[in-house]
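Close look at the chain arrangement
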Amino acid sequence: MNESGDNILVMDSLSETKMDGDTEIEMGMEVVYSQEFLPTFETIPEGASVPKVEKAEFNGKSDSLFFNDGVRRIDFVLVYEDEDMKEIDKNRTFQKRKQRREYFEASLMKMGMELEAARSVVDEKLLFVKVHMPWDVLCTYAEVLHIKLPIQPNDLSTTSSPFNFLSCITRHFYPSEDLIAKETEYFTAPFEKDRLEYFYVKDRDLFFTPSMRSRMAYYILSRAPYEVRGNIKKFGVTKLLDGGVYKAAYPLHDCRFNVRSKEEECPNERYLLYNEWAHPKSFYKMQPLDLIRKYYGEKIGIYFAWLGFYTAMLALAAIVGLGCFIYGYTTQETSTWSKEVCDPLIGGNIVMCPQCDKECTYWRLNSTCESSKKLCIFDNYGTLVFAVFMAIWVTVFLEFWKRYQAELEYEWDTVEFLEQEEQPRPEYEAKCNHERINPVTRVKEKVPYTACGRCIRVSLGIGTVLFWIVLILASVVAIIVYRLAVFFSFSTRLQSDLKELEPFKEYVTAQMATSVTASVISFVVIMVLNILYERVAIWITDFELPRTKTDYENSLTLKMFLFQFVNYYSSCFYIAFAKGKVVGYPGQPVYLLGKYRNEECDPGGCLIELTTQLTVIMGGKAIWNNIQEVLLPWMKNLIFRYCTRVGSEKVIPRWEQDYQLQPIGKLGLFYEYLEMVIQFGFVTLFVASFPLAPVLALVNNLFEIRVDAWKIITQFRRMVPEKAQDIGAWQPILQGVAILAVASNAMIIAFTSDMIPRLVYYWSFSVYPYGEHSSHTMQGYINNTLSVFDIQDFSNKSRPLQTPYWFNNSTTCRYRDFRYPPGHHRQYEYSIYYWHVIAAKMAFIIVVEHIVYLTKFVLSYVIPDVPYTVREQIKREKYLSQVILHETNLKLVTKRLKPVGDKILKHNEDKEEEIMDLYF
């Protein structure tokens, strides 16, 4: 520090922000700011008078991005409500806020920043404090934040694309080059103030981009102190916002989104982004990623780059999935086993056993004719091919994304964005009151907890996450109980209740009604648990106290995804792998909790029900997210503008126009990533049951890109630009989902669909020695896969109370399983067919998994993560950095040592002359 090394900074706890009269809570956590993190920091002595911010009247220029002098650029804006304009201005809380604000602003000016205040045009109680960073301060903090800046133009020749001959067509799918010109490429190096002459500085005003300036301004704002008590200082604009000292803090948009700025020097980047990216007319165009990155920073840019790449790759999967769906739709009428179900002489003569106790009765197999036809659309051989294709597709997607990400890392100067370059979070620094030896530098450093304390924090976090996961599983069990109870009710009353709706009667079965209502309830439970757990996950992550913003986001991402994974997918996993698997047989059914009889699958399997569940959750989630992301911000802005409307003759300045927009959430893009990764899970984990999932995802994403773009450009204030090298913790999560998807789809085909039993029947049990046909065929499949049960073997608990009029004197009924018939010496035990099917299922899973995993491994090895041309450019840039920025040290040392060397040589020569004189 500049004045005293004993100055200590303390950040308020959340409870401290509630300044209720005479009550104030303090924390004993302390941190010492080093010169490295805040080089311009100077202490204002306790009790000293603090300078006030200069106030200026609005000059009438609504598009101006400068102070009233038209020279100093506005890098950040702080908004507060003037306490002197309040009726209860003597309240101690308001006076405390005023003192803290004045001290905070004085600290900013002490650190070299320049401030100017202007009163609101709309509301006289509001004041806007404009923040400007002079050149020296910019240079200082560009070095602190290791910002990379150009040293010379890129002199490496770029290889021309072999598809250049198509440019006359493809250029229409790119943003207009007349509006968004391609930027000049430079070799860059981390900025060093002492070597300014080696950097490519054409214009000091344009050397640091507005996004860089805003990032540096926010860095200082988040660390400037606002209160002094002895040697303790409280700091950070975040806590002032939480405590109501300031109402908002944000960087400025450069113009209105739909009107060009009147200022000549304004780049109008927001306007260009809206017209060439966010406007509905540009839905078919590629994204201007370089301009997005320049305007919003690398973190926003990398998100839209990933989303665009994912959507482009989905196009191929959607085409293949749509082809599989069309194949299934066109062959549903020709399916042999579906025809047997619908045939009055086959399915009409097969009497099925009741599916619940007492109240359920016997039913004919052909009553499921329509559902068996629908099942053929999704349960066919094309689905198997598509599942294998998707397993390979996801590997290709991830590998090519790594390559594309490597290109962006180089172009956006994030190749060497290492952890030591990312500064600690203010919340972390505020609680550093323990010392340890840094394992790398072997120097003492301050940390907020001991090894034991960290272990306790992490253990508490893990325990809380596990508790909530158990809570989700409990909700899944509750929905299963609902299914069992409601199925019993629907089985007894549904058909009578639907007598008046005759056209729908044969389509709406008890199983379908149970499945749809359970899916809707499951979706509602998912959304409610999401809202509750979000608060818990943020609290746990705050308690763990990660060091950097990246660490914080990665920790929160892992917790939220584990929860969301169980929350969204648990019901799907239940239907796919648990439902109908342990039901016993009619004479000895299996009961859940000793009371509820386990529900059975449809005679065609549970695949159609899994498809229904996926459709409800994916569709409901997309609708809900769009309401949250688009409708709510738009409505809030509309209401705010209505409440603060002014006469049309008044001119509103740029900073006040931005204040009327919605603030971006603290978690930024977290929910955007989470939404897409959950969708990625639906597309990959259960694609064997729903080939249309990639099609729905593609359509959703085409809207999602433009909706997200429209939202951040038109409805939200400009975000504080942040550095990001990649998509963070989402990358390993995607890789984990991709690995799990192979096993999941193999098991869905093996255990949920009816494909393996059909193949076993076709190749083994349709011909001698098990079958009566002379050649392989699917005829007789339905009769062969339904076991026989003697109705005299019903227990008193499960015997049906009523029998239909057509039942006559039947003595047996059929049920879905592979068991020996009554009268056999091993009656109701598993038959040889069952063991053949189990063996075939296990063999299928093992073979498919090994083939797909081997293919994935080969593709991962063959496709390099970093393109050859990018590696060359990185090497060239490192070489130039070494030559230009480091060899100058050698020249300087040589220059300084030359006089010393000359003196030594002269001294040695004089000595030799003296010795020679003495000798002679």
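Residues numbered from 1 in each chain as written. Predicted model: local features only at pLDDT ≥ 70, side-chain atom pairs only at ≥ 80, totals over all residues. Heavy atoms only, no water.

Details of the environment of K581
Residue placement: K581 occurs in the loop between α17 (549-577) and β14 (584-585). For K581, a relative accessible area of 33% corresponds to the partly exposed category. Placed 18 residues apart in sequence, K581 and E599 show a C-alpha to C-alpha distance of 9.2 Å. Separated by 3.2 Å, the side chain of K581 and the backbone oxygen of K579 make a polar contact. (Helix = DSSP H or I, 4+ residues; strand = E, 2+ residues; numbered from the N terminus. Buried < 20%, exposed > 50% of the residue type's maximum accessible area, 1.4 Å probe, protein only. Polar contact = N/O pair within 3.5 Å; in protein donor to acceptor, adjacent residues only side chain to side chain.)

Digging into unusual backbone geometry
Here the residue pair Y768 and P769 is connected by a cis peptide bond, since its omega of 15° sits within 30 degrees of zero. Of note, P769 is situated in the loop between α23 (755-765) and α24 (781-785). Even without glycine at this site, N268 takes up a positive phi of about 55°. Following the sequence through the fold, N268 ends up in the loop between β9 (248-250) and α7 (269-278).

Quick word on the packing of α17 against helix α18 (residues 607-643)
For the pair α17 and α18, the least separation of the axes is 9 Å and the interaxial angle reads 170°. In terms of axis orientation, α17 runs roughly antiparallel to α18. When the axes of α17 and α18 are compared, the crossing they make is left-handed. Where α17 approaches α18, its residues Y568, S571, C572, I575 and A576 are matched on the opposing element by E609, L610, Q613, L614, I617 and K621. Residue composition of the contact of α17 with α18, grouped by class: seven nonpolar, two polar and two charged. (Axes fitted to C-alpha atoms, helices over the stretch in contact; angles between N-to-C directions. Parallel < 35°, antiparallel > 145°, perpendicular 65-115°, else oblique. Left-handed = near helix turned anticlockwise from the far one by under 90°. Contact = heavy atoms within 4.5 Å. Nonpolar A, V, L, I, M, F, W, Y, C, P; charged D, E, K, R; others polar.)

Digging into the sheet that holds β9
Read from one edge of the open sheet, four strands run β3-β4-β2-β9, paired in antiparallel fashion. The open sheet is flanked by β3 (114-119) and β9, the only strands paired with a single partner. Pairs of neighbouring strands in the sheet enclose a mean axial angle of 20°, with direction left out of account. Summarising the sheet, strand β2 (residues 76-81) and β9 pair through three bridges and their orientation is antiparallel. For V79, the partnering residue across the bridge sits in β9 and is A248. Contacts between helix α1 (residues 92-110) and the sheet are confined to β2, β3 and β4 (126-132), with β2 contributing the most and set at about 160° to the helix. Strands in contact with helix α5 (residues 210-221) are β2 and β4; relative to β2, the strand with the most contacts, it is inclined by about 45°. (Pairing = 2+ DSSP bridges.)

Everything listed here is a matter of geometry and, on its own, says nothing about what the molecule does.
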